[in-house]
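Here are the chains, one letter per residue:
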Amino acid sequence: MSDTEKVHCLIIGSGPAGYTAAIYAARANMHPVLYQGLQPGGQLTITTEVENYPGYPNGIMGPQMMVEFEQQAQRMGADIRWGLATKVDFGQRPFKVEIDEEKWIEADSVIIATGASAKWLGLESENRLNGHGVSACAVCDGFFFKNQEVAIVGAGDTACEEAMYLAKLCSNVHMFIRRGEMRASKVMQERVIKTPNIKVYWNTDTLEIMGDRSVDSVKIFNNKTNEESIIPIKAFFVAIGHHPNSDLFKGWLDMDDQGYLITQPGTSKTNIPGVFACGDVQDKNYRQAVTAAGSGCMAALDAERYLGTLE
Ligand code: NDP
C-alpha cells in the first residue's frame, strides 16, 4: 500500500443514490469523497427524458439531471472524483478501498451506491437504437410511445409488470418469450394473459431490431416452427433482468442469491457496521431515481450517526 489517503466518508457510485448521499454527507460536515465509477451518473445517463422526478415540472433529460445532481453535491463541498473502486478490505476499520488498482483509500465509513445494470440481448441494432426507441425501462420511456405499437422481451416479473404498464399507454404490446413458459409468478402471468392488448409470442427469439434513426419494426424467430416474421413497432423494451453491481463486495457483505446487497429493513445498514448501501445495488423492487435518491439520503444519515458513535 504505497499511496494511501484517509477519508471520513467514502461514497462509491454516482447515480441519484450516490450524489444524494454526497449532498447530505457534505452538509453534515462529513467531507465526503465520491468516486464516480465506470459510468458517471449511472443508468440515468442512458435514458432520454425523465418526467417522473418531482421538481422538474417540464421534465429533464437524464444526463442533464445527473449533471445537476453532481453540481449540487459539489456546491455543498463533496469531493467528486473520476475513478473506479477495484478492491475492498472491510476486515477492520478504517475500511480500505482500492481505486483504479493503484491507490488505496482508508475510510471511517463507506456508502455503496454502485447501482445495477440492465441486461441486454447483445444485438448490434439494440445498441445502435438505444435511446431511439430501444429502452430497458418501460416506466421511464413508455410514455413517449402513447397509443403506438411496442414490443417487450422477457418473461419474469419485471417483464410482466412493464408489459402491463405499457398496455395502459400503448395501443398494442407484443411480448416475446423465448421458451414455452414464463418465469414470472402465476398471478403476474395471468394478468398479462388476460390483458387484451398484450399479445404473447411463445418460443420466440428476437433476431434484429430494425430502423434507421429510430425503431420501426422487429424481426423475430419462432424456435419451434422455425418461422421468421417482422412486426411493425415504434419501441422495443428489454426486460430480461438486471445485474446488481456488487461483485466487488463478495465475501464481505451479505447479498441475496442474485447479488443484491442485503440491508437491515428500513435502514441502509449492511452486515458490517460502518458500511452502508443505497440505491439499486440493494433494491430490486422499485429501482426509480427518486427511490434511489431517498435511500442515498438514508445512507448519509445512517453514516453520520455511525461516525458520531466513534467520536
Ligand atoms: P428474472 O431474472 O426473474 O427474469 C428474467 C427473464 O428474462 C426470464 O424470463 C428470462 O427467460 C428472460 N431472459 C433472460 N435472458 C434472455 C434473453 N437473452 N432473451 C430472452 N429472454 C431472456 O428478472 P426480473 O427482472 O423479471 O426479476 C428479478 C427479480 O425481481 C425476481 O426475483 C422477481 O420476482 C423480482 N421482481 C418482483 C416484482 C414484484 O413482485 N412485483 C416485480 C419485479 C421483479 P427464461 O425464463 O427463459 O430464463
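Predicted model, so just to flag it, every value in this text is computed and none were measured. (Residues numbered from 1 in each chain as written. Predicted model: local features only at pLDDT ≥ 70, side-chain atom pairs only at ≥ 80, totals over all residues. Heavy atoms only, no water.)

**Student:** Please clarify how the packing of aromatic side chains should be interpreted in this entry.
**Tutor:** Within a pair of aromatic rings, the relevant descriptors are the distance that separates the centres and the angle that separates the planes. Under the criterion given, the structure shown has 10 aromatic pairs. A ring pair is formed by Phe 143 and Phe 144, whose centres lie 6.4 Å apart and whose planes are at 75°; its orientation type is edge-to-face. Exposure remark for Phe 144: the relative accessible area of 28% places this residue in the partly exposed category. Taken together, the ring pairs in this structure connect Phe 90, Phe 95, Phe 249 and Trp 252 into an aromatic cluster. (Phe/Tyr/Trp six-rings, centres within 6.5 Å; stacked < 30°, edge-to-face > 60°. Buried < 20%, exposed > 50% of the residue type's maximum accessible area, 1.4 Å probe, protein only.)

**Student:** Can you help me understand the sheet that holds strand β16 (residues 227–232) in this one?
**Tutor:** Strands belonging to one sheet form pairs held by backbone hydrogen bonds; the direction of such a pair is parallel or antiparallel. With antiparallel pairing, 3 strands are arranged side by side in an open sheet as β14-β15-β16. At either margin of the open sheet sits one strand with a lone partner, and together these are β14 (204–210) and β16. Recorded for the sheet is a direction-independent mean angle of 25° between the axes of neighbouring strands. Here 6 bridges tie β14 to strand β15 (residues 217–222), and the two strands are oriented antiparallel to one another. Within β15, the position partnered with Thr 206 by the bridge is Ile 220. (Pairing = 2+ DSSP bridges. Helix = DSSP H or I, 4+ residues; strand = E, 2+ residues; numbered from the N terminus. Axes fitted to C-alpha atoms, helices over the stretch in contact; angles between N-to-C directions.)

**Student:** Explanation requested: unusual backbone geometry in the structure shown.
**Tutor:** Working note: non-glycine residues mostly have negative phi, and peptide bonds are mostly trans. Pro 94 follows Arg 93 through a cis peptide bond whose omega is -5°. Despite not being glycine, Asp 100 shows a phi value in the positive range, around 50°. Along the chain, Asp 100 falls in the loop between β7 (95–99) and β8 (103–112). A relative accessible area of 37% places Asp 100 in the partly exposed class. A positive phi angle, near 60°, is found at Asn 147, a position not held by glycine. Structurally, Asn 147 is set in the loop between α4 (138–141) and β11 (149–153).

**Student:** Would you take a moment to explain the side chain of Thr 206 for this structure?
**Tutor:** As for its position among the elements, Thr 206 is in strand β14. Owing to a relative accessible area of 13%, Thr 206 belongs among the buried residues under this scheme. In this structure Thr 206 touches Leu 121, Leu 123, Val 153, Phe 176, Val 218, Lys 219, Ile 220 and Phe 236, once residues within four positions along its chain are discounted. (Contact = heavy atoms within 4.5 Å.)

**Student:** In this structure, what is going on with the site of the ligand? I would like to understand it.
**Tutor:** Neighbouring the ligand are 14 residues, the closest being Asp 157, Thr 158, Arg 178, Arg 179 and Arg 183. Note that an oxygen atom of the ligand is positioned 2.9 Å from one of the side-chain N or O atoms of Arg 178. Contacts to the ligand include Arg 183, whose side-chain N or O atom sits 2.5 Å from an oxygen atom. Here the ligand has 930 Å² of accessible area as a free molecule, and 74% of this is covered by the chains. (Near = heavy atom within 4 Å. Polar contact = N/O pair within 3.5 Å; in protein donor to acceptor, adjacent residues only side chain to side chain. Areas by Shrake-Rupley, 256 points an atom, 1.4 Å probe, with all protein chains shown as cover.)

**Student:** I'm lost on the state of the cysteines in this one. Help?
**Tutor:** Such a bond, covalent and formed between the sulfur atoms of two cysteines, is termed a disulfide. Summed over all chains, the structure comprises 1 disulfide. Residue pairing for Cys 137: its cysteine sulfur links by disulfide to Cys 140, the two sulfurs lying 2.1 Å apart. Of note, the bridge from Cys 137 to Cys 140 carries an S-S torsion of about 75° and is right-handed in sense. Given a relative accessible area of 16%, Cys 137 falls into the buried group. Note on Cys 9: no disulfide assigned, nearest cysteine sulfur contributed by Cys 278 at a separation of 9.8 Å. Sulfur of Cys 160: no disulfide; nearest cysteine sulfur belongs to Cys 170 and is 16 Å away. (Disulfide = S-S within 2.5 Å.)

**Student:** Would you mind going over the pattern of salt bridges with me for this structure?
**Tutor:** Note on pairing: side chains with opposite charge can pair once their charged atoms come close. Here the structure, examined in full by the defined rule, presents 8 salt bridges. A salt bridge links Glu 5 to Arg 81, with the shortest nitrogen-to-oxygen separation between them at 2.9 Å. On the criterion of sequence distance, the pair formed by Glu 5 in strand β1 (residues 4–12) and Arg 81 in strand β5 (residues 79–81) is long-range, its members being 76 residues apart. Residue classification places Glu 5 among the partly exposed residues on the basis of a relative accessible area of 22%. Among the residues examined, Arg 81 registers a relative accessible area of 18% and is labelled buried. Of the charged contacts, one joins Arg 128 and Glu 124 as a salt bridge, the two residues approaching to 3.3 Å between their closest N and O atoms. Residue Arg 128 and its partner Glu 124 are both found in helix α3 (residues 124–128); the two are separated by 4 residues, about one turn of the helix. (Salt bridge = Lys/Arg side-chain N within 4 Å of Asp/Glu carboxyl O.)

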